[in-house]
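As a plain string of letters, each chain reads:
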Amino acid sequence: MNVFQELKARGFCYQATDETAVEKLLTEGKIAFYVGFDPTGSSLHVGHLLPVMAMRILQKAGHTPIVLVGGATARIGDPSGKQTARPMLSIEEINANAAALKQQLSRFISPDNARFVNNADWLCNLGYIDLLREVGTIFSVNRMLGQESVRMRLETGLSFLEFNYSILQAYDFMVLNRDYGCQLEMGGQDQWGNMVAGTELIRRKCGRTVQCMTIPLLLDPNGMKFGKTSGGKNVWLDTARTSVFDYYQFWRNCDDSQVEKLLLYFSSLPVEEIKTIASGPNINRAKEILAAEATALAHGETAAREAFLAAGSKFGFADPEKKVQTSSFIAGSDSSIVAAELPESAVAAADVAAGVPLPRLLMLSGLCKSTSDGRRLIQGGAVSINEVKITDVNHMVNSADFAAGGLTLRAGKKNFRKVVLK
């Protein structure tokens, strides 16, 4: 299948200005295309990733992504999909968030064949009267009032500030078309009105035809926006907010009914392979593969492998005999090599010959900074040896505990070590 057919097969195409024209653009040459991200926070979360995954597919096919961070539009606030106005951020916060998002997005989109731009570079230098004279006559207020993002807010109230957002997003597309030859904009389905406004502005102002394509909003089985834990918390890419282990577990614990769809979206495994492994009795193995692939994209294969092995050592492996055939990188990682591939710490045999207090062993193995930290972890029920929880702060570990060549020491949900003697 060609790249457009792959996008469709994986479920990325919701709506397009002209589907035939979009397919022609993507299959008869190499184009520049763009997706915008407003830096309203210092980190992306899982719910932001669907358009990023579509960008990866197009970049892999040789097209050039333009990753736009909205340093200017974040000062306005996009009303799309919102019942109330977004909180106003300071310029300093927006600039810091823009830098953080650029760093996160560069994990998914290779900077070697991409442009990273900030619309503050052109919008913040644009005079209000200049903007009105340049594009004001092209935008129909009646048509703008018909946009879903505007219409939904008319009952609860829409400020004039937010009403301008669609014009600024359209202007972005015109600048990118003018300066970089951008011919396609992609974004979530709630962006349709803003995106079509851009195609119309370019047609009427510049005499050129460009296209846009929306990507479906991803919902969980309860009809809520995808990307939150069962407790309602966002699953962030920032490891200070969501640990790698918890990020892995979010995907591992997804609903059975969503596994195939999520694998199609958030992995690069072949479509036919996904349909095979996500069916019938293979569902838990498919969840392991999904979790590992999604975690590798966000945090790298090494971190994903460690999370897979740590989770398997705690909860068990779905396919320890590797009966399910997969091209995923975790095919070579199973329960037989858990001990070998867990992060390893070595302690001196002399330190444990006469017995070593567990808080000290936690410190020696690098799982905490001090023995007092170790005691607090134990008292909090966060410490186990070979998956046996230890709650006695005076527990002693001796040489006999290492008889199997080492022991698995855990402190909290995400910190595991294989501890060996040297």
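Whatever comes next refers back to the structure up there.
Analysis parameters
- Residues numbered from 1 in each chain as written.
- Predicted model: local features only at pLDDT ≥ 70, side-chain atom pairs only at ≥ 80, totals over all residues.
- Heavy atoms only, no water.
- Buried < 20%, exposed > 50% of the residue type's maximum accessible area, 1.4 Å probe, protein only.
- Helix = DSSP H or I, 4+ residues; strand = E, 2+ residues; numbered from the N terminus.
- Pairing = 2+ DSSP bridges.
- Expected span 1.5 Å × (residues − 1).
- Contact = heavy atoms within 4.5 Å.
- Phe/Tyr/Trp six-rings, centres within 6.5 Å; stacked < 30°, edge-to-face > 60°.

Novice: For this particular structure, what's the right way to read the pairing of strand 6 (residues 211–215)?
Specialist: Side chains on a regular strand alternate between the two faces of the sheet. Among the five residues of strand 6, five are classified as buried, and the element is accordingly described as predominantly covered. Here strand 1 (residues 15–16) pairs with strand 6 via two bridges, running antiparallel. Considered in strand 6, the bridge of Q15 is made with T214. Where strand 5 (residues 182–188) meets strand 6, five bridges bridge the pair, whose relative direction is parallel. Following the sheet pairing, G187 is matched in strand 6 by T214.

Novice: How should I be thinking about helix 11 (residues 192–206) in this particular structure?
Specialist: Every α-helical turn comprises 3.6 residues, leaving residues that sit three or four positions apart pointing alike. Here helix 11 is 15 residues long and its end C-alpha atoms lie 21 Å apart, about the 21 Å a rise of 1.5 Å per residue gives. Of all the residues in helix 11, the buried ones are N194, M195, V196, A197, G198, T199, E200, L201 and I202. Where the residues of helix 11 are buried, they touch helix 6 (128–135), helix 7 (141–145), helix 8 (148–151), helix 10 (165–180), strand 5 and strand 6. Positioned one or two residues after helix 11, G207 has a phi angle of 75 degrees, which is positive.

Novice: Looking at this structure, I do not really get the sheet that holds strand 10 (residues 388–389). What am I missing?
Specialist: Two orientations exist for strands paired in a sheet by backbone hydrogen bonds: parallel and antiparallel. Taken in spatial order, the five strands of this open sheet run 7-13-12-9-10, and their pairing is mixed. Each having just a single partner strand, strand 7 (344–347) and strand 10 make up the two edges of the open sheet. Here two bridges tie strand 9 (residues 383–385) to strand 10, and the two strands are oriented antiparallel to one another. The residue bridging S384 from the neighbouring strand is K389, located in strand 10.

Novice: I'm lost on the packing of aromatic side chains in this one. Help?
Specialist: Both the distance between ring centres and the angle between the ring planes are used here to describe each pair of aromatic rings. Under the defined criterion, the tally for this structure stands at ten aromatic pairs. Between F226 and W251, the ring centres sit 5.7 Å apart and the planes meet at 55 degrees, which makes this aromatic pair tilted. With F226 in the loop between strand 6 and helix 12 (244–252) and W251 in helix 12, this pair connects stretches of sequence that are 25 residues apart. On the basis of relative accessible area, W251 is assigned to the buried category, the value being 0%. Judged by centre distance (5.2 Å) and plane angle (75 degrees), the ring pair of F308 and F317 falls under edge-to-face. Classification of F308 as buried rests on a relative accessible area of 0%.

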